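Each chain is listed here by its residues.
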Amino acid sequence: MSRSTVETEPESPPPAGDDHAFFGQPRGLLTLSGLEVWERFSFLGMQAILVLFFADTVAHGGMGMAAGTAASVSAAYGTLVYLVSVAGGWLADRMLGSYRAVLWGGILIACGHYSMAVPTAAMTWTGLGLISAGTGLLKPNVATMVGKLYRTDDDRRDAGFALYYMAINIGAFAGPLITGWLGDHKGWHWGFSAAAIGMTFGLVQYVTGRRHLAGRTHAAQFALAPDAMRRAVRRIVLGLLAAAVLAVLLAAGGWLTMGRFVDLLTLISVIAPVVYFAVMFRSDRVTPEERGRLRPYVVLFLASTVFNFILFQAYSTMMLLAASNAETTILGFDFPASWYASALGAFEVGLAPFVAALWVRMGHRQPHASNKIAIGVILGGLSFLLMVLPTSGRPSDDYLMSAWWIVGSYLLLGLGDILLETSGMSATTKLAPVAFSSQTMSLWFLSLALANGIQAQTVKLYDQVSKPAYFGVNGAIAVAAGLAVIALAPWLRRTMHPVH
């Protein structure tokens, strides 16, 4: 047949009685949320100490990098994670199916964290590579599976994503507490070990709860024909081998340095979404109506990029600032600097139920998704502008600001994250062309790759400009971007139907 896809069996529905079994939401939401609790526990628990591990001296078990370099390499790792999500979405749509893509992604993540528990540089880089591949498989597809639990016009959809995001942030809260304490008291690789154990728990929970998931068939929804499948597998294997050989040769010849690799990832993060949007706009499998809904999605993509550029620095520049210039005592209690990352998760855990309840109570009267996203971007910008105050007027860099400045910044950032990410992911599942369902969620994660790619270059200035200038300029740009989205609200409301 001439088409590149074949029909597969219908997606299997969840068991009867599941539709309101979890606080009025589908029972499958609990299974997927439970997986994300442990995935975020491992990922963000590791992320909270990664930049500190890079910046710590070799004598103390770190990598001995300068602060700006450590932040840049950490951001480059984040770029790679979300770039791989494009391949993860394609593999789910065309080869594996969402359920198996998430399962294999989780296995790779767990193996990556176990590798990082081994105290050698080679195992550290191997582990980061495995985690990048696994997260690229897991993240876009688990969010797509959440979307499949609801009809497009189900008013519970945004509330469901808010609860899902609250569960994510339970892991985001707990992960840095455990890994941060272990990293500070036992050694960095003990912290990485805790992340490995957490991901293992997540996998067990996911497999045992699979019967509650919609779309849990083993076949891909738009599977390649058998001949095309074999060709794709062969090309993937050969491509990976060729890339590995080329990387080794370039590194051995002194051309592929860490700095150039970071720059390459940034370049790819800019090119990839441009190419991906072009492919989707031109595809004959996208209807004119679906193509019309992709146009406002470009605006949401850019808004997500701006916000996440700020958000991801909660685990890089903000963590470095907290470690060097913030008190680590609150109400007489001493804590590791990495615990500040838990404050972000705590705020999102605490605020998400109220946001979810508010959207349910308001029903169709709730703000349009574009306005929620715009407010989120503005709050992200304000979280950086707030840091201008305690860092201004300092005669030297050996001062200590009150811990409440960092906590206040994370409060604004956490509320903004709830508004933007839940509305953005929910809108993505509604606006996605049917033939690109998992891949459109991958496109949302490409905005995160672009944010990290830009961050990988920007954070190099962290040691070269004053702290008020760094946080002030970046924060002002984010606020301006949020105001621009609000100005576009009338056009977005017209073109984003059926998104409310």
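Overview of the overall build of the protein
Here's step 1: When helices and strands are tallied, the protein shows 17 helices and two strands.
Here's step 2: Per-residue burial over the protein gives 56% buried out of 500 residues.
Here's step 3: Counted over contacts in the protein with a minimum sequence separation of 6, partners at least 24 positions apart contribute 83%.
Here's step 4: Total accessible area on the protein is roughly 19,900 Å²; 69% of this is exposed by carbon and sulfur atoms.

Here's the deal with the pattern of salt bridges
Here's step 1: Tallied over the full model, the rule gives three salt bridges.
Here's step 2: Its salt-bridge partner being Lys460, residue Asp263 comes within 3.1 Å of it at the nearest N-O pair. With Asp263 in helix H8 (residues 258–282) and Lys460 in the loop between helix H15 (437–458) and helix H16 (467–487), the pair connects residues that are 197 residues apart, well separated along the chain.
Here's step 3: On the basis of relative accessibility, which here comes to 36%, the residue Asp263 falls in the partly exposed class.
Here's step 4: The class of Lys460 is partly exposed, set by a relative accessible area of 30%.
Here's step 5: Arg293 serves as the salt-bridge partner of Glu289, at 3.3 Å between the closest nitrogen and oxygen. Here Glu289 pairs with Arg293, and both are found in helix H9 (residues 288–311), just four residues apart, close to one helical turn.
Here's step 6: Owing to a relative accessible area of 56%, Glu289 belongs among the exposed residues under this scheme.

Considering the layout of surface pockets
One water molecule sets the probe size; rolling that probe over the atoms shows where empty space is left.
Here's step 1: In this model, the largest pocket occupies a volume close to 1,700 Å³.
Here's step 2: If you trace the largest pocket, you find 45 residues lining it, with Leu80, Val84, Gly129, Leu240 and Ala243 closest to the centre.
Here's step 3: Going through the elements one at a time, helix H2 (67–96), helix H4 (121–147), helix H7 (226–252) and H8 are the ones with two or more residues in the lining of the largest pocket.
Here's step 4: Residues belonging to the lining of the largest pocket are distributed by class as follows: 39 nonpolar, six polar and no charged.

Some thoughts on the packing of aromatic side chains
Here's step 1: Using the criterion set out here, one finds 15 aromatic pairs in the structure.
Here's step 2: Above the ring of Tyr462, the side-chain terminus of Lys467 is found at 4.6 Å from the ring centroid.

A short note on H9
Here's step 1: Between its terminal C-alpha atoms H9 stretches 35 Å, which fits the 34 Å expected from 24 residues at 1.5 Å a residue.
Here's step 2: Along H9, the sharpest kink reaches roughly 30°, centred on Pro296.
Here's step 3: Counting buried positions along H9 gives 17 out of 24 residues, so the element sits mostly inside the fold.

Structural notes on the side chain of Glu39
Here's step 1: Note that Glu39 resides in helix H1 (residues 27–55).
Here's step 2: Glu39 sits in the buried class, given a relative accessible area of 0%.
Here's step 3: Of note is the side chain of Glu39, whose polar atom sits 2.6 Å from the side chain of Arg40.
Here's step 4: In this structure Glu39 touches Ile109, Thr135, Leu138, Lys139 and Met199, once residues within four positions along its chain are discounted.

Here's the deal with the nonpolar core
Here's step 1: Formed by 125 residues in total, the largest nonpolar core has its most connected members in Met46, Tyr164, Tyr340, Ile406, Tyr410 and Phe471.
Here's step 2: It is H1 that contributes the most residues to this core, 13 residues altogether.
Here's step 3: Leave out the neighbours within four places in its chain, and Met46 touches Phe41, Tyr77, His113, Met116, Leu128, Ile131, Thr179, Phe192 and Ala195.
Here's step 4: In terms of nonpolar packing, the next biggest core, distinct from the first, is built from six residues, Leu91, Ala92, Met95 and Ala101 among them.

Focus: the environment of Leu50
Here's step 1: Relative to the assigned elements, Leu50 resides in helix H1.
Here's step 2: Among the residues examined, Leu50 registers a relative accessible area of 0% and is labelled buried.
Here's step 3: Sequence-wise, Leu50 and Val73 are 23 residues apart; in three dimensions their C-alpha atoms are separated by 9.7 Å.
Here's step 4: If sequence neighbours within four positions are ignored, Leu50 has contacts with Ser74, Tyr77, Met116 and Leu128.

A word on H1
Here's step 1: Spanning 29 residues, H1 covers 43 Å between terminal C-alpha atoms, matching the ideal 42 Å at 1.5 Å per step.
Here's step 2: Residue Ile49 marks the point of greatest curvature in H1, where the axis turns by about 35°.
Here's step 3: Among the 29 residues that make up H1, 25 are buried, leaving the element largely enclosed by the rest of the structure.

A short note on a nonpolar patch on the surface
Here's step 1: Taken together, Trp125, Met258, Phe261, Leu264, Leu267, Ile268, Val270, Ile271, Val275 and Val279 make up a surface patch of nonpolar side chains, about 800 Å² in accessible area.
Here's step 2: Along the chain, the position of Val275 falls in helix H8.

Observations concerning the packing of helix H12 (residues 369–386) against H16
Here's step 1: Where H12 meets H16, the axes come as close as 7 Å, and the angle between the chain directions of the two elements is 165°. One way to sum up the angle between H12 and H16 is to call them roughly antiparallel. Where H12 crosses over H16, the two elements pack in a sense that is left-handed.
Here's step 2: Considering only residue class, the contact of H12 with H16 consists of 15 nonpolar, seven polar and no charged.

Examining empty space enclosed by the protein
Here's step 1: Taken as a whole and judged by the stated rule, the model has two cavities of 30 Å³ or more.
Here's step 2: Each pocket or cavity is described by its volume, and for the largest cavity that value is around 300 Å³.
Here's step 3: In terms of lining, the largest cavity is formed by 23 residues, of which the most central are Arg40, Tyr82, Tyr165, Leu311 and Phe312.
Here's step 4: Of all the secondary structure elements, the ones that give two or more residues to the lining of the largest cavity are H1, H2, helix H5 (156–185), H9, helix H11 (340–362), helix H14 (403–431) and H15.
Here's step 5: Along the lines of polarity and charge, the residues of the lining of the largest cavity split into 13 nonpolar, five polar and five charged.

Details of the packing of H8 against H9
Here's step 1: The geometry of H8 relative to H9 is characterised by a closest axis approach of 10 Å and an angle of 165° between their N-to-C directions. Looking at the two axes, H8 sits roughly antiparallel to H9. You can see that H8 and H9 cross each other, and the crossing is right-handed. Facing H8, whose interface residues are Pro273, Phe277, Met280 and Phe281, H9 presents Arg291, Leu294, Arg295, Tyr297, Val298 and Phe301.
Here's step 2: The class makeup of the residues in the contact of H8 with H9 is eight nonpolar, no polar and two charged.

The rules behind the values
Residues numbered from 1 in each chain as written. Predicted model: local features only at pLDDT ≥ 70, side-chain atom pairs only at ≥ 80, totals over all residues. Heavy atoms only, no water. Helix = DSSP H or I, 4+ residues; strand = E, 2+ residues; numbered from the N terminus. Buried < 20%, exposed > 50% of the residue type's maximum accessible area, 1.4 Å probe, protein only. Contact = heavy atoms within 4.5 Å. Areas by Shrake-Rupley, 256 points an atom, 1.4 Å probe, with all protein chains shown as cover. Salt bridge = Lys/Arg side-chain N within 4 Å of Asp/Glu carboxyl O. 1 Å grid on protein atoms, 1.4 Å probe; cavity = no way out; pocket = protein on both sides within 12 Å on 5 of 7 lines; lining within 4 Å. Points joined across faces, edges and corners; volume = space filled by probe spheres on them. Nonpolar A, V, L, I, M, F, W, Y, C, P; charged D, E, K, R; others polar. Phe/Tyr/Trp six-rings, centres within 6.5 Å; stacked < 30°, edge-to-face > 60°. Lys NZ or Arg CZ within 6 Å of the ring centre and 35° of its normal. Expected span 1.5 Å × (residues − 1). Bend = angle between axes of the 7 residues up to and from the residue. Polar contact = N/O pair within 3.5 Å; in protein donor to acceptor, adjacent residues only side chain to side chain. Core = buried A, V, L, I, M, F, W, Y, C linked by side-chain atoms within 4.5 Å. Patch = residues over 30% accessible without salt bridge, like charges linked within 9 Å, V, L, I, M, F, W, Y side chains within 5 Å. Axes fitted to C-alpha atoms, helices over the stretch in contact; angles between N-to-C directions. Parallel < 35°, antiparallel > 145°, perpendicular 65-115°, else oblique. Left-handed = near helix turned anticlockwise from the far one by under 90°.

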